[in-house]
Amino acid sequence: MNTALTIAGSDSCGGAGIQADIKTMTMNGVYAMSAITALTAQNTLGVKSILNSTADFLRDQIDCVFSDIFPDAVKVGMVSSVELIEVIADRLKFYEARNVVVDPVMVATSGASLIKDEAVDVLCTKIFPLADLITPNIPEAEVFVGKKISNETDMMDAARKIGSMFNVDVLIKGGHSLNDANDFLFSHKKNLSKWFMGKRIENRNTHGTGCTLSSAIAAGLAKGKNVEESIALAKDYISHCLEASLDLGKGSGPLMHNYLLNELS
């Protein structure tokens, strides 16, 4: 069976982070493993507190996974401190990790900051060059390029700039009042530009959509799909998760990651 490792933070309400990643990878047909960067106390209304893993403990988690069940793909999500980013970069290099997808999680759906300012530069310089694909949303991409992204042309320009800066494939996710669900891929290595069109789904419950998309892409790569195929399959999966219209919590609720299991309930 193909395997995938998620290196990310835990979400106590189960809609994002490690919990969303494991659900997504499992539903996309790979065996999921985890290395937890932080514990968060949060729900659909927001993040109350964050307790970071120590650098040594994170290193031990990653070493235990790679030395026993080598992952076919790795997804990197929330990493809030310089020390943890450096550990991840060191271990990914040491094990020559393959099919690395980085979701540069900076702000929760609720608006809470999830990364320290000084960690952003280290994430860019140490993790991005090790990645096969990074999946920033529009606000995150704006941080990397240092300018506002106001339209689809700006999205394309930003993807090309980020890809060229870090020699990595970039998928900029739409939304955030710019478009419905259209994402733009720029492959610096292949010199490929491609739009992945999405359909509008009326659902206010979008907690964890970024985690879910990146994990589904990692699952596709783990199974031997190329980047474009993995993105297309991941977007189809997330559309079904949204269409299932799970409605939990008082804020922006989680997706129904297990929509395929409805008939068993």
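In case you missed it, the structure is sitting above this.
Residues numbered from 1 in each chain as written. Predicted model: local features only at pLDDT ≥ 70, side-chain atom pairs only at ≥ 80, totals over all residues. Heavy atoms only, no water.

Trainee: I'd like to hear about the overall build of the protein chain, residue by residue, with values.
Mentor: What the protein chain contains, in helices and strands, is eight helices and nine strands. Scaling as 2.2 N^0.38, a compact globule of 265 residues should have a C-alpha radius of gyration of about 18 Å, and the protein chain matches this with 17 Å. Principal axes of the C-alpha set define a box for the protein chain whose edges measure 45 × 45 × 35 Å. Per-residue burial over the protein chain gives 55% buried out of 265 residues. In the protein chain, the proportion of contacts linking residues at least 24 apart, taken out of those at least 6 apart, comes to 69%. Accessible surface for the protein chain amounts to roughly 11600 Å². Of this, 51% is attributable to carbon and sulfur atoms. Averaged over its 24 positive side-chain charges, the protein chain has a centre that lies 2 Å from the centre of its 31 negative ones. (Helix = DSSP H or I, 4+ residues; strand = E, 2+ residues; numbered from the N terminus. Rg over C-alpha atoms; globule rule 2.2 N^0.38 Å. Buried < 20%, exposed > 50% of the residue type's maximum accessible area, 1.4 Å probe, protein only. Contact = heavy atoms within 4.5 Å. Areas by Shrake-Rupley, 256 points an atom, 1.4 Å probe, with all protein chains shown as cover. Lys, Arg positive; Asp, Glu negative; His and termini not counted. Charge placed at Lys NZ, Arg CZ, Asp CG, Glu CD.)

Trainee: Please give an account of the packing of aromatic side chains that cites residues and values.
Mentor: For the coordinates displayed, the defined rule picks out seven aromatic pairs. Look at F128 and F166: their rings are 5.3 Å apart centre to centre, the planes differ by 85°, and that puts the pair in the edge-to-face class. Taken together, the positions of F128 in the loop between α4 (117–127) and β6 (133–134) and F166 in helix α6 (residues 152–166) put the pair 38 residues apart, joining distant regions of the chain. Residues F128 and F166 agree in their burial class; the two are buried. Summarising the aromatic geometry, the rings of F184 and W195 are spaced 5.1 Å apart at their centres and angled 55° between planes, so their arrangement reads as tilted. Placement of the pair is F184 in strand β8 (residues 183–187) and W195 in strand β9 (residues 192–196), with a sequence separation of 11 residues. Sitting above the plane of the F94 ring, R91 keeps its charged end 4.5 Å from the centroid. (Phe/Tyr/Trp six-rings, centres within 6.5 Å; stacked < 30°, edge-to-face > 60°. Lys NZ or Arg CZ within 6 Å of the ring centre and 35° of its normal.)

Trainee: Tell me about helix α7 (residues 209–222), and name the residues and values.
Mentor: Over its 14 residues, α7 extends 20 Å from the first C-alpha to the last, a length consistent with the 20 Å expected when each residue adds 1.5 Å. Counting buried positions over the 14 residues of α7 gives 13, a clear majority of the element. (Expected span 1.5 Å × (residues − 1).)

Trainee: Describe the packing of helix α2 (residues 55–68) against helix α3 (residues 82–95), with residues and values.
Mentor: Look at α2 against α3: their axes get within 9 Å of each other, and the N-to-C directions meet at 25°. On the basis of their axis angle, the class for α2 and α3 is roughly parallel. α3 is crossed by α2, and the crossing has right-handed handedness. Along its contact with α2, which presents A55, L58, R59, I62, D63 and F66, the element α3 presents E83, L84, V87, I88, R91, L92 and Y95. (Axes fitted to C-alpha atoms, helices over the stretch in contact; angles between N-to-C directions. Parallel < 35°, antiparallel > 145°, perpendicular 65-115°, else oblique. Left-handed = near helix turned anticlockwise from the far one by under 90°.)

Trainee: Describe the nonpolar core, naming the residues involved and giving the relevant values.
Mentor: In this structure, I7, V74, V76, I88 and L92 are the most contacted members of the largest nonpolar core, which totals 47 residues. It is α3 that contributes the most residues to this core, seven residues altogether. Leave out the neighbours within four places in its chain, and I7 touches A35, T37, L58, I62, V74, K75, V76, G77, I88 and L92. In this structure, A32, L221, L246 and M256 belong to the second largest nonpolar core, which totals 28 residues. (Core = buried A, V, L, I, M, F, W, Y, C linked by side-chain atoms within 4.5 Å.)

None of the figures reported here should be taken as evidence of function without further support.
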